[in-house]
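Chain and residue survey
If you want the building blocks of each chain, they are given just below.
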Amino acid sequence: MALPAFAARALGPPLQPEQGAPARTTCPRRHSRVEAELAASRPGSVAASVRAGPPRGVSLGFNSPPLQDEPPKAFSSLAGALRAPLFALLPRGRRRRMHDLRRRWDLGSLCRALLTRGLAAVGHSLKHVLSAIFSKIFGPLASVGNMDEKSNKLLLALVMLFLFAVIVLQYVCPGTECQLLRLQAFSSPVPDPYRSEDENSARFVPRYNFSRGDLLRKVDFDIKGDDLIVFLHIQKTGGTTFGRHLVRNIQLEQPCECRVGQKKCTCHRPGKRETWLFSRFSTGWSCGLHADWTELTSCVPSVVDGKRDARLRPSRNFHYITILRDPVSRYLSEWRHVQRGATWKASLHVCDGRPPTSEELPSCYTGDDWSGCPLKEFMDCPYNLANNRQVRMLSDLTLVGCYNLSVMPEKQRNKVLLESAKSNLKHMAFFGLTEFQRKTQYLFEKTFNMNFISPFTQYNTTRASSVEINEEIQKRIEGLNFLDMELYSYAKDLFLQRYQFMRQKEHQDARRKRQEQRKFLKGRFLQTHFQSQSQGQNQSPGQNLSQNPNPNPNQNLTQSLSQNLTQNFNPNLIHKENRGSQKQGSGHEPSDSSSNGTNDYIGSVETWR
């Protein structure tokens, strides 16, 4: 294989073998490689200059075209130095690829160098800025010695002092008991978790007048006794979430046992194999799917105590609870649920001992379900149980002939149903609203004296909120649920009044407790002061007679006691002291009056205690 012309010129004349040396027997490729290496070792040759690379400080540049006869700069290693002269022997395409690789390597090195220098420049600028700040703040110290060194030392001293103060504070006052050491200026005020849950003002104007008994809901529920909490679950009101809170989120001596993969939990009383909760997640649908007020009131006692003898049945109280929701949102949520195939066919609708007939309660669809129905078709069905569902499930249907619409006129029927639902709701042990989750939690805890482990979460984005309806459709939904709209307005007013009443009562109890504590401490102080004075007078009666011209030794003590009582006690006690002093002036002995005043004072202190 013949060498190219430029390679032959670079290598010079071929080397002649020494005399007496054997002839070469290697292959032409290896022979040419050896000759190239020998030529590169000659001083002043072109290959040696190529291997040495360009002079220091001279760069080929990134945009320089690839050279055909000039190889790239050799590597610093020995292997790279030996392979550098062979660059000219490579094909043109391979040399171009190697040149591109070299350009990429140089570009990466440049980026890294620029990044390093940029970070160094930013650090240097930051150092100058901090130095300027410290020079402004600590100007007098900057004139003495080096500014950077003093500022660093001062900053380190401040940091160490702060850490030491934090450690001492945690050691002296580990909890939140030290009220005087709280940094109120640096702590933002804790927002009230019960304010503005519906993104409206926390103030509202009551529309209905309720008595104190209607607002004060305090149930003496003993979980170890025989009372039972019954949860009336209305469809699409958030009852599933609240029902899970009842079995999974309450602090109990014996928590409910909930197994993975099972909806029902075992909620037994402490020390008994008897449930304290009648709900979907504890006893299942024992009275039918989504049983209403009429079904539960007639079914729950027989289910709980049906197997016992009538003489052995305990006299238990049934505390009914439920959750309500805005009628428009609940209606749209039920429509979306029906679109997905929900039918609630398993609901019994038992009233007055029998379920309704097909003529009394016709169906709105003919197939297996009503999936995929449009909203207009859902609203057009006159037998749709979604209309005014909350009023129907909270009222006593036996008052209107159950589902027989021919018993009384429709207007009278609606009025009776609404009044019955309002009365049952008002006399329930508890009810909550889906739009006020935290207030619902608060009222339940205050009503049953049971605390939840984690706070409730307010979800403002639901399936119903994703449905976009115009004003005309909204008005039609409100017209179809006019009874529910009236009931929800009544329930919301009662709910918020109960919440405000309970909060005010809580604040008043806390204020009364603080006042009693202050009175007790004041009485203890006065009692200690009185005892110390009486002991001092008993020890030195002669000194008191010499200093006081009054022959009565206890008169000064009585006067100081009356002054303390005048300053610290109420007007009734002052009136009693005045009457005692009048009796003393009318002829009673002074020793008896002072002893009576002492007994009254100690008795008042014991009353405070």
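On the surface, a nonpolar cluster with roughly 660 Å² of combined accessible area is contributed by Leu 155, Leu 156, Val 159, Met 160, Phe 162, Leu 163 and Val 166. Relative to the elements of secondary structure, Val 166 occurs in helix α7 (residues 147-172).

Right, let's get into the sheet that holds strand β1 (residues 228-232). Across the sheet, which stays open at both edges, the 4 strands sit in the order β4-β1-β5-β6 with parallel pairing between neighbours. Since the sheet does not close on itself, it has two edges, and those belong to β4 (277-278) and β6 (430-433), each with one partner. Note that β1 and strand β5 (residues 318-324) share 5 bridges and pair parallel. Within the sheet, the bridge partner assigned to Phe 231 lies in β5 and is Ile 321.

This next bit is on the nonpolar core. A general feature of soluble globular proteins is that nonpolar side chains tend to end up buried together. If you look at the biggest cluster of nonpolar residues, it comprises 71 residues, and the most contacted ones within it are Phe 242, Trp 276, Leu 296, Ile 321, Leu 394, Phe 444 and Phe 448. Among the elements that line this core, the one with the most residues is helix α17 (residues 482-539), at 11 residues. Of all hydrophobic cores here, the second largest spans 18 residues; its members include Leu 289, Leu 332, Leu 375 and Phe 378.

In this structure, His 349 is a non-glycine residue whose phi angle is positive, near 55°. Tracing the backbone shows His 349 in the loop between α11 (327-339) and α12 (375-380). We note that Asn 388 has phi near 55°; this positive angle belongs to a residue other than glycine. Here Asn 388 is to be found in the loop between α12 and α13 (389-394). Overall, the relative accessible area of 12% leaves Asn 388 in the buried class.

Next up on the list: the side chain of Arg 217. In this fold, Arg 217 is placed in the loop between α8 (212-215) and β1. No salt bridge is formed by the buried Arg 217; its nearest oppositely charged neighbour, Asp 214, is found at 5.5 Å. Among the polar contacts listed, one links the side chain of Arg 217 to the backbone oxygen of His 427, at a separation of 3.5 Å. Leaving out residues up to four positions away in the same chain, Arg 217 has contacts with Lys 426, His 427, Met 428, Ala 429, Lys 446, Thr 447 and Arg 498.

With the rule as written, the count across this model stands at 15 salt bridges. Lys 272 serves as the salt-bridge partner of Asp 226, at 3.8 Å between the closest nitrogen and oxygen. With Asp 226 in the loop between α8 and β1 and Lys 272 in the loop between β3 (265-266) and β4, the pair connects residues that are 46 residues apart, well separated along the chain. Look at Asp 226 and you get partly exposed, because its relative accessible area is 28%. Residue classification places Lys 272 among the partly exposed positions, given a relative accessible area of 33%. The salt bridge involving Arg 389 is made with Glu 334; its shortest N-O contact spans 2.7 Å. Remark: Glu 334 occurs in helix α11 and Arg 389 occurs in helix α13; sequence separation between them is 55 residues. The structure contains a network of salt bridges with shared partners spanning Arg 269, Glu 274, Asp 305 and Arg 316.

Counted according to the given criterion, the structure contains 20 aromatic pairs. When the ring of Phe 242 is compared with that of Phe 456, the centres are 6.3 Å apart and the planes differ by 80°; the resulting orientation is edge-to-face. Within this pair, whereas Phe 242 is found in helix α9 (residues 239-248), its partner Phe 456 is found in the loop between α15 (437-448) and α16 (471-480), the two being separated by 214 residues in sequence. With a relative accessible area of 4%, Phe 456 lands in the buried category. Through pairs of rings, three or more aromatic residues link up here, namely Phe 221, Phe 231, Phe 242, Trp 276, Phe 430, Phe 444, Phe 448, Phe 452 and Phe 456. One residue, Lys 439, lies across the ring of Tyr 499, its end atom 5.3 Å from the ring centre. It is Arg 503 that lies over the ring of Tyr 442; its NZ or CZ is 5.5 Å from the centre.

Rules used throughout
Residues numbered from 1 in each chain as written. Predicted model: local features only at pLDDT ≥ 70, side-chain atom pairs only at ≥ 80, totals over all residues. Heavy atoms only, no water. Patch = residues over 30% accessible without salt bridge, like charges linked within 9 Å, V, L, I, M, F, W, Y side chains within 5 Å. Areas by Shrake-Rupley, 256 points an atom, 1.4 Å probe, with all protein chains shown as cover. Salt bridge = Lys/Arg side-chain N within 4 Å of Asp/Glu carboxyl O. Helix = DSSP H or I, 4+ residues; strand = E, 2+ residues; numbered from the N terminus. Pairing = 2+ DSSP bridges. Core = buried A, V, L, I, M, F, W, Y, C linked by side-chain atoms within 4.5 Å. Buried < 20%, exposed > 50% of the residue type's maximum accessible area, 1.4 Å probe, protein only. Lys, Arg positive; Asp, Glu negative; His and termini not counted. Polar contact = N/O pair within 3.5 Å; in protein donor to acceptor, adjacent residues only side chain to side chain. Contact = heavy atoms within 4.5 Å. Phe/Tyr/Trp six-rings, centres within 6.5 Å; stacked < 30°, edge-to-face > 60°. Lys NZ or Arg CZ within 6 Å of the ring centre and 35° of its normal.

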